[in-house]
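Inside the fold
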Amino acid sequence: MSTDDLARRTRYEPAEAEPRIIQRWLESGINHPRPEGTAAANYSIAIPPPNVTGSLHIGHAFQDAIMDTLIRHHRLHGQRARWIFGTDHAGIATQTQVERLLRAEGTSREEIGREAFVERVWAWREQYGSEIIGQLERLGASCDFDDERFTLDEGYVRAVMRVFVELYRDGLIYRDRYLVNWDPGSRSAISDLEVVEQRVTDTLYSIAYPLTDGREIIVATVRPETMLADTAVAVNPADDRYRDMVGGVAILPLVGRELPIIADDYVRPDFGTGALKITPGHDANDFEIGRRHELAELTVIGEDGCMSAAAGEQFAGLSVLEAREAVVKALHEGGLIRARVPYSHDVPFSHRSGERIEPLISLQWFMRMDELARPAIDAVSSGRVRIKPEGSRRVYLEWMTAIRPWCISRQLWWGHQIPVWYRGEEVHVGEEAPAGDSWERDPDVLDTWFSSALWPFATLGWPEQTPELSAFYPTDVLVTARDILFLWVARMVMMGLRFTGDVPFSDVYVHSVIQAPDGRRMSKSLGTGIDPLDLIEGGPRPPVFSQGGEFPAYGADAVRFGLLAMSSTQDVRFSEEKVRQGEALTNKLFNAARLVLLRVDPDAEASPRPEAIEDRWILSRLERTKAHQADSIGSYEFAKAALGLYDFVYAELCDWYLEWVKPRLAAAGNGAVSSTLLHVLLETLALAHPIIPFVTEEIYSLAPSTDGLLAASRAPDGASGLIDEAAETQVQRAIVAVTALRKWREGVGAGRRELLSARLEAAGYEETASGIAALGGMRWSEDGCEPADRVPIPGGAVAVLDASGLDLEAPARRRQHEGARLEAEIKRAEDKLANTGFVGKAPPELVDAEREKLRLLRAELEEL
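Overview of the structure. Here the structure is a predicted model, which is why all the values come from computation and not from measurement.

By the definition in use, this model includes 67 salt bridges. One salt bridge in this structure joins D264 and R292, with 2.9 Å as the shortest N-O distance. In this pair, D264 is assigned in the loop between β11 (258-263) and β12 (275-278) and R292 in helix α9 (residues 284-293), connecting sequence segments 28 residues apart. Salt bridges sharing partners connect three or more residues here, namely D202, R223, E225, R324, R356 and E358.

Shown next, in the form of structure tokens:
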């Protein structure tokens, strides 16, 4: 944009400016700093790698706005700042996408084979994997796109293989048959942390199991289909009802297998009948009971989620729900159902596929976690890793203290194939395939979170000691959501300490979740999801927005500001008003810059050389705002940073300072902009740049004595010598005085441009009197005549000498009318609270709200 363009425009146009600026940033190389210096001197963040399948959603945009603010802030303050970028292969999610594509073509991964399937996934990744990069660029994210990493690129695979082999040789990785969370949807085991509990209402069946001595024992279960794999009946040893049955034998209905009756403290006498069927092959608690009592471990449900041949000819091939109906029907026909009652309970579902989890005994690879967890607990307890907010720190420590072995193998084809080969009874574990013929590699791949746990150091070239690793590891902060605190954050701390000897980051900032405007989670399927590009470029409002229609094209700066202004320690509802506030800020700053830059001498230099008290005031307020901004960003209080910037630009810079100096500018003509005013503008651009980078870069390119990019410049350090307490006090008094005069003028109906003759009858305004007159619409006079009215201001009053044509009684009438209204409202509230029926029967919160309303009404009346 040229200064001629600037003169023609009265509004900032993000749709025209932002693509130009993105290209300048990308071509400049500022996002790809040279790997020099030390990690302690530099600043780095590793992006939580978006899935290769993904596209930008509002949660990404929120998280990325936070990280970009941090990177830009530290770069402006002289640090070599790198935002490490890459994408995750997202094993289950990506494989699911490609399998869906194959089904649409009438084939499957099994038909085309593993090698061809993996080739199809790579092709799919090449076609769709870069979508999110363009979206991040559109948001203004200054990631190091030049050094993009991928969790399946050659160097990353080498790092993953090295870690697996070393942990195996250290005895921390092992293979075992154990009960796992089986996801029938993805046909793979998944970890405990990928399981979500959902409230489900099932039927609790009471079923009679006959005893060999002629009696019967009634067991309670919500899963009668799994009884086909029962290996015992358990009761509590303290339950007198069954004491004489312990040691006896029950007969499994429909099957005829003999089941020992055992005593175990796990059994709750108050649940159901107090007797439990024990199925070690299909229930986690039963599995533990079975191991304690050395029971057989039978399974009747297959990996496809259907009944296996072990369930018997009558039930084999049925789905779990079909088998449940068939088993209940057979039990009913045999007269063995004693009761059926609805039962609500939490049921595990796969976070990945949405299918109900089937606990199955399976041969899997596991990782022992206790040895790895101890130093990771100490790192947080000692403060080497600081987790904010404090609640997330407590949750981390509680989980790590009770950590269990991690099932790290997945029955997928897309991912890091486990580096283990078999030949007969021989087993080879290594980074490379063994020599010789007839070796077969383990078909399973590693859990995606295993490879992601290496992200902060593997992206920088580990296991090689690269210049990047020396310059940018450890990173400074991890910005993340709380739902992956254990899936990812804790595991990165453990792996970082184990393989680099240092923590991967010093701070973990766990940000809030932005909900839909109605408080529900954001989701496209629910009609509550918001595409941030629809906010930036204009697009349809989701159904959750009652007004419908389309979002205006707010631009990236407005969206970034709005998201940061929404941030909190608690989950928050999306506020379009905050985005509008950001749009207003960009336009306000743009027009403030027009005022300055259209009047500035092309050879002007920016420096703080105050000519009047208002200059000293704005310089002082600017220094305080810079310190407030640095403190807010440093403590991850992004709403304070964004709203503090808004208040400074709107209230102090534009509404007061620029209005105050306009008469000076008008009197002096073009080229009249002082070095102080230009200094204030440029420093405000640097202050605002981390939050609203586009408009500030655009304005900076038009300012004199600037060279290159604002994003690559060095922001001036704080200048405490410019703090001026006296100027702040005097100007603040003047602001109060002007506000009082404006309110009085509005009350009596004075025209906006009408200057009124007045006398200043107050001390302490020697340096601000001319400003008060200009801003308050007054013309000072020394006439000693009796005033028509007096307007109280701090330290005295302004005597208005000429009030002809003004309605001086209007304010009194308005106060009288407002007072009568308040008295009526107070009477109504008092009567309501005097009503014993209301106080005694209404919910306590309504009564309290009415009392608070009465208190506020009385305070308002007293102030009036």
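That shown, we press on.
In this section: the pairing of strand β18 (residues 420-423). With four bridges joining them, β18 and strand β19 (residues 426-429) adopt antiparallel strand pairing. Bridge pairing in β19 links R423 to E426. In this structure, the hairpin formed by β18 and β19 is closed by a connection of two residues, where G424 is found at a positive phi of approximately 60°.

One turn of the α-helix equals 3.6 residues, which is why residues spaced by three or four share an orientation. The terminal C-alpha atoms of helix α8 (residues 154-169), which comprises 16 residues, lie 23 Å apart, in line with the 22 Å expected from a rise of 1.5 Å per residue. If you check which residues of α8 are buried, you get Y156, A159, V160, M161, V163, F164, V165 and L167. Two residues or fewer after α8 comes G171, characterised by a positive phi angle close to 80°.

A word on the packing of aromatic side chains. This model, assessed by the stated rule, comprises 26 aromatic pairs. Measuring from centroid to centroid gives 5.9 Å for Y12 and F590, while their planes differ by 45°, and the two rings are tilted. Here F590 lies in helix α19 (residues 576-597) and Y12 lies in the loop between α1 (3-8) and α2 (14-28), a separation of 578 residues in the sequence. For the pair Y174 and F366, a centre-to-centre distance of 5.9 Å together with 20° between the ring planes defines the contact as stacked.

Here K388 and P389 are connected by a cis peptide whose omega angle stands at 0°. For P389, the location among the structural elements is in the loop between β15 (386-388) and α12 (390-401). With omega at 15°, the peptide bond leading from W462 into P463 counts as cis. Relative to the assigned elements, P463 resides in the loop between α14 (455-458) and α15 (467-472). You will see that R187, though not glycine, has its phi angle at about 55°, which is positive. Relative to the helices and strands, R187 resides in the loop between β5 (173-183) and β6 (188-190). For R187, a relative accessible area of 42% translates into the label partly exposed. Despite not being glycine, E294 shows a phi value in the positive range, around 55°.

Quick look at the sheet that holds β6 now. Either a parallel or an antiparallel arrangement is found when strands of a sheet pair, and the pairing is made through backbone hydrogen bonds. Read across the open sheet, the four strands follow the order β6-β5-β14-β16; overall the sheet is antiparallel. The open sheet is flanked by β6 and β16 (406-407), the only strands paired with a single partner. Both strand β14 (residues 358-367) and β16 contribute to a ladder of two bridges, which runs antiparallel. Counted as the bridge partner of F366 is C407 from β16.

Moving on, we come to the packing of helix α22 (residues 675-688) against helix α23 (residues 693-700). α23 packs onto α22 with a crossing angle of 150° between their chain directions and a minimal axis gap of 9 Å. Judged on the interaxial angle alone, α23 and α22 are roughly antiparallel. Considering how the two elements wind past one another, α22 and α23 form a crossing that is left-handed. Here L682, L685 and A688 of α22 lie close against α23, whose contacting residues are T696, I699 and Y700. When its residues are assigned to classes, the contact of α22 with α23 shows five nonpolar, one polar and no charged.

Another aspect to go through is the sheet that holds strand β13 (residues 337-350). Read across the open sheet, the three strands follow the order β8-β7-β13; overall the sheet is antiparallel. Each edge of the open sheet is held by one strand with a lone partner, namely β8 (216-221) and β13. Put simply, the sheet's adjacent strands are angled 20° from each other on average, direction ignored. Direction of pairing for strand β7 (residues 195-210) relative to β8: antiparallel, over a ladder of six bridges. Bridge pairing links P210 to E216 in β8. On top of the sheet, helix α10 (residues 320-333) reaches β7 and β13; it is set at about 165° to β13, its chief contact.

This part takes up the pairing of β14. For β14, the buried fraction is high: nine of the 10 residues fall into the buried class. Bridging between β5 and β14 involves 10 bridges; their strand directions are antiparallel. Pairing of V180 across the sheet is with L360, part of β14.

With that settled, consider the side chain of R745. Structurally, R745 is set in helix α24 (residues 725-748). In this structure R745 is buried but unpaired, with E754 as the nearest side chain of opposite charge at 5.5 Å. In contact with R745, not counting residues within four places along its chain, are A750, G751, R752, E754, L756, G776, G777 and M778.

Right, let's talk about the environment of S438 for a bit. Turning to its location among the elements, S438 is positioned in the loop between β19 and β20 (440-441). Exposure remark for S438: the relative accessible area of 61% places this residue in the exposed category. Discounting residues that sit within four places of it in the chain, S438 has contacts with Y422 and R423.

Within the secondary structure, D286 sits in helix α9. Of note is the side chain of D286, whose polar atom sits 2.8 Å from the backbone nitrogen of T279. Not counting residues up to four positions away in its chain, the partners in contact with D286 are K277, I278, T279 and P280.

Thresholds applied
Residues numbered from 1 in each chain as written. Predicted model: local features only at pLDDT ≥ 70, side-chain atom pairs only at ≥ 80, totals over all residues. Heavy atoms only, no water. Salt bridge = Lys/Arg side-chain N within 4 Å of Asp/Glu carboxyl O. Helix = DSSP H or I, 4+ residues; strand = E, 2+ residues; numbered from the N terminus. Pairing = 2+ DSSP bridges. Expected span 1.5 Å × (residues − 1). Buried < 20%, exposed > 50% of the residue type's maximum accessible area, 1.4 Å probe, protein only. Phe/Tyr/Trp six-rings, centres within 6.5 Å; stacked < 30°, edge-to-face > 60°. Axes fitted to C-alpha atoms, helices over the stretch in contact; angles between N-to-C directions. Parallel < 35°, antiparallel > 145°, perpendicular 65-115°, else oblique. Left-handed = near helix turned anticlockwise from the far one by under 90°. Contact = heavy atoms within 4.5 Å. Nonpolar A, V, L, I, M, F, W, Y, C, P; charged D, E, K, R; others polar. Lys, Arg positive; Asp, Glu negative; His and termini not counted. Polar contact = N/O pair within 3.5 Å; in protein donor to acceptor, adjacent residues only side chain to side chain.

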